[in-house]
Structure formats: C-alpha cells, structure tokens
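Spelled out, the chains give:
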Amino acid sequence: MCGICGKINIDVQKPIDKALVKRMCDVIEHRGPDDDGYFYHRNVGMAMRRLSIIDLSTGKQPIYNEDGTVAVVLNGEIYNFPELREQLIGLGHTFRTKTDTEVIVHLYEEKGGACVNDLRGMFGFAIYDAKRERLMLARDRFGIKPVYYALDDDKFLFGSELKSLLQDSSLKREFDLFALNSYFSFMNTLAPDSIFQNVKKLLPGEYLIYQNGKIDLTQYWHFEIKSDSVPGSASDYQQQLFELLKESVKIRLISDVPLGAFLSGGVDSSAVVALMSQVSNRAVKTFSVGFDFKEFDESPYARKVAQLFETDHHEYRITPDATDIIDDLVWYLDEPFADPSAIPTYFISKVARENVTVVLTGDGGDEMFGGYPHYRGESLLNRIARMPAFFRDGILRNLLKVFPRTPFAELNYQKERLLRNLDRIGIPPEARFFSRHQLFDDNAKEALYSQDLAHRMNGEMAIDERLLNMLRFPDDENAINKLLYLDTHLYLPNDMLMKVDRMSMANSLEARVPFLDHKLAEFVATIPSHLKVEGMETKAILKKTMSHLLPQDILYRKKQGFDVPLNRWFRKDLSSMAKDILLGTRSTQRGLFNSKYVEEILETHQKKEKDLSFQIWALLIFEKWCCKFMDAPSRSDQNK
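Residues numbered from 1 in each chain as written. Predicted model: local features only at pLDDT ≥ 70, side-chain atom pairs only at ≥ 80, totals over all residues. Heavy atoms only, no water.

Enquirer: For this particular structure, what's the right way to read the packing of aromatic side chains?
Expert: What characterises a pair of aromatic rings is the spacing of the ring centres plus the angle enclosed by the ring planes. The full count for this structure, using the stated rule, is 32 aromatic pairs. When the ring of Phe 123 is compared with that of Phe 125, the centres are 5.6 Å apart and the planes differ by 40 degrees; the resulting orientation is tilted. The pair formed by Phe 123 and Phe 125 is uniform in burial state, with each residue classed as buried. In this structure an aromatic cluster arises from ring pairing among Phe 175, Tyr 183, Phe 184, Phe 196, Phe 440, Tyr 449, Phe 593, Phe 622, Trp 625 and Phe 629. The ring of Tyr 40 has Lys 18 lying over it, and the distance from NZ or CZ to the ring centre is 4.9 Å. Positioned above the aromatic ring of Tyr 301, the side-chain terminus of Arg 557 is 4.0 Å from the ring centre. (Phe/Tyr/Trp six-rings, centres within 6.5 Å; stacked < 30°, edge-to-face > 60°. Buried < 20%, exposed > 50% of the residue type's maximum accessible area, 1.4 Å probe, protein only. Lys NZ or Arg CZ within 6 Å of the ring centre and 35° of its normal.)

So this is what it looks like as structure tokens:
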C-alpha cells in the first residue's frame, strides 16, 4: 500500500520542479513510511511513498519495463499477480522483482489502457509512457483506492490525496458548489467532483489518458445489478457464494508482513474472520473498539466471535476525549467529510497498526447484500402500501398525527417513521432513497445557507435530479435492486471506502476488502433480490451461507452500525466547544451560513426536542476543514 502523486507541465520545454514533486510526496508520508521513489523525464515528475507489503527487498518503485521507457507507481495490491506474472513471462517479458507492481507495466506494454481489465485487486496507479509522451491513471472497480487529478492551462496534477495537489500554490481553491451542496446532503463530496472546482476524482472503474494537454476518460467497468434474471436454487447460490467468499479471503492473505482483521461482531466482519480462520494455519489477530454506552458498544459480540475462533484479540475503548483528534482527522480526510464513524475507524486502525501492517475488513457486505435499515424500510413500505387506502391514508394517518409525544424516544421515532413512510408511498424508490439520506433537506438548506451562498448555488440545489442523470440506472423496476445500485455507486465509494482508506492510511495500515472482489461481486449481482432481503430480514442469503460457522445470536442480532454517541456528546462534553466554534467570529465572518439558524440547531438539540447531532457534526467538521485548508495565512495543510 502506498501513495502516489505527480505533475506534468503542459509546456514540454519547461522542466519539472523537483522540489515541488518532493513536497507532494512528503505530505503523504503517512501512506507509506517505509520508502519513497521518484521518476523525472523533462516536463514530467512522478513520486510515491511505499508501505512495504510484498517483496520487501526488491519492490522499490517506480518500476520500469525492460528498456526503461515505461514507468509505473502503484497504490494498492494486485491479488492475481502470480498468474499474470507467469502469463507475461510466457510472452517474453523479463521481470526484475517479485512484486505485484511489475505486472502492471508489462500488461500495459501488451494491452495499453485495457490492462486494467486483467487486474484483480484494489489500486490507484500511474503509468508514464516516455515514447508516446502520455500518462495513464487508473482506479479500481469499486473505488477502494482514491485518485485525484487537476488540469488547467499550464499543468496536470494527480495524487492519492488532495493535499498532494495543493502543494502547488498556483492551484486555485474555489468551492465546487455542487460538491459543497452534496456535502450537506450526504456528509461527503460525490465523485467525480471534489470540494474544489478544478480538482476531480476518477470514478470507480475508470481510467484516464493524459496526452498533449488533454485528457480522455474511459469507464472500463460498471457494477450492474442483474439479479432476478438468472434462475437457480437458493442452495446453489449459497454453495457458490461460500466458495467465492472463501477464495476472496484466501487471496487477500498474501503478505510478507503481519496481517489481521477488524472485528465488530457484526455479520460481515465475523464472516471474514471465520473464513480467515478456516484458510489460515495460524491464529488470526483481531481488533475492535467499544464504548461506555451500551447501545453503541458491540465489543461483547466481537469478543464472542474472537473466543469462538480463538483469535489473538485486541480492544480499544472510545471516550468523548477521542474528539481531541478532530483536527488530525480533518487533515487526513482531505475534504469535508462528516461521517462520525471515521472516529472509531481511526482508533481501530491505530490499535491494529501497533500489531500488524495489513487488515481484512467486512466493508461492502451491506451494499452487496442489502444490509442497511432502509431495506427494512422498503419492506415495511410495501406492507403499508397493500393496506386499504381508506384505512392507510385516513384512519391510520389521522391517528398518528394526534398521537401525543411520549417520554419514550423509541415510540416517538416509530411514529415519525410511519408518517414518513406514508408520505413516501407512490414515489419512486430512488426518490425515497434521497429523502431518507439527506442530512439537510431542501427546506433546511434554504434556512442554513446565507442569501449570498443560496444565490451562488443557483441550480445546484436540486442534487437528486443531477445525480439520477449521472447514474446509469438499472432498467428493472425492482425496488431492492435500485437501492442496491444507489448504495454501491453513491454511499460505498464516497463514504465507506473513502473513510476506511483515509483512516487506515493515517496509521500506515493497509485495509483489504474481500466482499468487494469483483469476481465475487459479479456473482452476487446475479442473486435474486428476494434471497438478499426476505421480508424484514436483511442479508438473508449471506446469513444462511455462514450459518454453519457463525452462531445465531451473531447472525440475527439487531444491526448497530459503527457509530459514536454524538447525541450525548453534543449535549454534554462537546456542547460548549461546538457553540464556541460554530458561532465564533471566524465562522460567522465566512458569510456562508445563517448564524441564527445554526444557533437554533444547537438549541433544539440541547433541549432534546430533536436529535440534530449529525447536523452539528457536519457543520463543525466543515468549519474545522475551512480553518485547515482555506484560511490564509493560518492555513496548515503543508503538514498535519
């Protein structure tokens, strides 16, 4: 695992600034503390930081072809490199190393940009072809590894992290308003956009060719849901699923350094640990985090799984003072990112890195098999929709409206949930998806944004319409399939994978994702949706597939998620800090938000009238990000 970066001057006569390329590389040292490497060719500079995983002695990058005219730098791992290596040797290529990186440069010689189709793994890589004077950038199929790039009148920049590009002071830092708006909808910026207008991100399954001052983008892979189209019995699907899962885990155990696994005690991470225990000849090292608040604490379940498979288990307890690392998180995350599960992800990565260099994770299981609460919500909605209209829209709705608030938060939540579901009947599943997931809806944004910002936004407010136009939506009308598509194309790469990459790399830890092996995923996409979500049971086929290895109370317990107790923190330990920052001079002088509305959010949450902790967190992270990446001369993105 590594970090890559580089710059090309459009003027081929203008030599590359080697000091700049070094700064671009140094600022991502956390991604690869073991080594660095540089490539220079007239107007071109590439660099990388290396976290040594495979071929520790001869795997130094960049790596070249036989005559030194093609160079590659890689961030990631290619799991099928042994087979590719043998094929390429058979075609007459000579290898100087035993590393996975070298297969890329020789595959490129054989196939050009189409080399990505043969790669099985996670990657963001850059190839410079000196003969053709062109650069190729590529990102893996699901977007596990990030790639940023920027092209303007005189230069092309790229890097694993935005902060590498920002080392070039001539790069303008102007908000991309759609990205800013998407942040306050979904807590992150959505690829291909970044928070800055002239900086883009490669989409998952996309590669770029830069040549003669121009770029050409190619989508080489697109995840499509094909379930309900291929007949087969449930037992056949389960048997194939188990074998593919087992193989996916096994090939991700290739490593010349210590290896372990994140373990929450949920279905996905427990399945990975169970399979690791089956295919490994040594005790698996496992890592988990816990909280003092029972409703957020999964550590007892993690300990149970650890005991079951006799793992070498390590645990960390998270307290409110964990938020002391907010400034560090903001720096590592690069862009505004408001998913608070970044906190436990950072700490579990920190604990793991004290013991291993590589971990396997359960990420992707929810998106592949329909594991989130909105899949249950869809099933509930279908049941409500089948009720007689006079009862559903008349009697039931009126009873819910007059039902008084109670001291029991769960009852109030269920009442509001039923009313929202009644309102969603008759609208498409994709519209329901957006209404469920937006942190600030359109009305809240109108209240939040200052008049000036709202005016500058113009047409950027209708975020769901633009996203639907960008997505290659499945043709079928199956609601579960549509939700799976939206989760895998929006939430998975922009939130889940971005968080895991940044927080693991912040601790110089490689995180591998067995559920997102593309061969496994292509099979899962053919499994009928009713086998994934059976009534109110989510991830049904995965649970049945793993039932011979995992106990029922692990497989069928209530989903908790990887959350932190923000609700309580912002009413107690972090209350004054949030108020001081969000209503402070620096924040209000930006002129981006309506301070009275921000104050109202804080007060409403403090009075327990509504849980607005996620909204407060999003505002707090954004202000911290502005201080770090926008303010001058206080800007401190040159280092942590």
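The structure having been displayed, the exposition proceeds.
Enquirer: Where do I start with the side chain of Ser 508 in this structure?
Expert: Structurally, Ser 508 is set in the loop between helix H19 (479-506) and strand E17 (510-512). A polar contact of 2.6 Å, which involves the side chain of Ser 508, links it to the backbone oxygen of His 30. If we ignore the near neighbours within four places in the chain, the residues touching Ser 508 are His 30, Pro 33, Leu 51, Arg 353 and Thr 357. (Helix = DSSP H or I, 4+ residues; strand = E, 2+ residues; numbered from the N terminus. Polar contact = N/O pair within 3.5 Å; in protein donor to acceptor, adjacent residues only side chain to side chain. Contact = heavy atoms within 4.5 Å.)

Enquirer: Help me out: how do you make sense of the pattern of salt bridges in this one?
Expert: Side chains that differ in sign of charge can pair as their charged atoms come close. Under the defined criterion, the tally for this structure stands at 39 salt bridges. For Glu 335, the salt bridge is made with Lys 201, and the minimal N-O distance between the two is 3.0 Å. Pair noted here: Glu 335 is in the loop between helix H9 (326-333) and helix H10 (342-353) and Lys 201 is in strand E10 (residues 200-201), with a separation of 134 residues, a long-range link. The two residues Glu 335 and Lys 201 agree in class, both being buried. The partner of Glu 298 in a salt bridge is Arg 557, with the nearest N and O atoms 2.6 Å apart. Here Glu 298 is found in the loop between strand E14 (285-291) and helix H8 (299-308), whereas its partner Arg 557 is found in the loop between helix H23 (552-555) and helix H24 (566-569), with 259 residues between them in sequence. (Salt bridge = Lys/Arg side-chain N within 4 Å of Asp/Glu carboxyl O.)

Enquirer: For this particular structure, what's the right way to read H9?
Expert: Since the α-helix turns once every 3.6 residues, residues separated by three or four places project in the same direction. Among the eight residues in H9, six count as buried, and that is most of the element. Inspection of H9 places Ile 326, Leu 329, Val 330, Trp 331, Tyr 332 and Leu 333 among the buried residues, and these make up the whole buried set. For H9, the elements touching its buried residues are helix H4 (162-165), H10, H19, helix H25 (575-582) and helix H28 (613-629). Asp 334, located one to two residues past H9, shows a positive phi value of around 75 degrees.

Enquirer: How should I be thinking about the pairing of strand E8 (residues 148-151) in this particular structure?
Expert: The side chains of a regular strand alternate between the sheet's two faces. The sheet contact formed by E8 and E10 spans two bridges and is antiparallel. Considered in E10, the bridge of Tyr 149 is made with Lys 200. Across four bridges, E8 lies against strand E9 (residues 155-159) in antiparallel orientation. Residue pairing across strands places Ala 150 opposite Leu 157, the latter belonging to E9. Linking E8 back to E9 in an antiparallel pair, the connection comprises three residues. (Pairing = 2+ DSSP bridges.)

Enquirer: Looking at this structure, how should I read the sheet that holds E8?
Expert: Hydrogen bonds between backbone groups are what pair the strands of a sheet, and the pairing can be parallel or antiparallel. If you trace the six strands from one edge of the open sheet to the other, you get E2-E3-E1-E9-E8-E10, paired in antiparallel fashion. Strands with a single pairing partner mark the edges of an open sheet, and in this sheet they are strand E2 (35-41) and E10. Judged from the seven bridges that link them, E2 and strand E3 (residues 44-50) form a sheet pairing that is antiparallel. Its bridge partner being in E3, Asp 36 is matched across the sheet by Arg 49.

Enquirer: Could you clarify how one ought to interpret empty space enclosed by the protein in this entry?
Expert: By rolling a water-sized probe across the atoms, one finds the places where empty space is left. Under the defined criterion, the tally for this structure stands at five cavities of 30 Å³ or more. Of the voids in this model, the largest cavity is the one considered here, and its volume is about 150 Å³. Taken together, 19 residues line the largest cavity, and the ones lying closest to its centre are Arg 139, Tyr 148, Lys 201, Pro 493 and Met 498. The element that contributes the greatest number of residues to the lining of the largest cavity is H19, accounting for six residues. Residues of the lining of the largest cavity, tallied by class, amount to nine nonpolar, four polar and six charged. (1 Å grid on protein atoms, 1.4 Å probe; cavity = no way out; pocket = protein on both sides within 12 Å on 5 of 7 lines; lining within 4 Å. Points joined across faces, edges and corners; volume = space filled by probe spheres on them. Nonpolar A, V, L, I, M, F, W, Y, C, P; charged D, E, K, R; others polar.)

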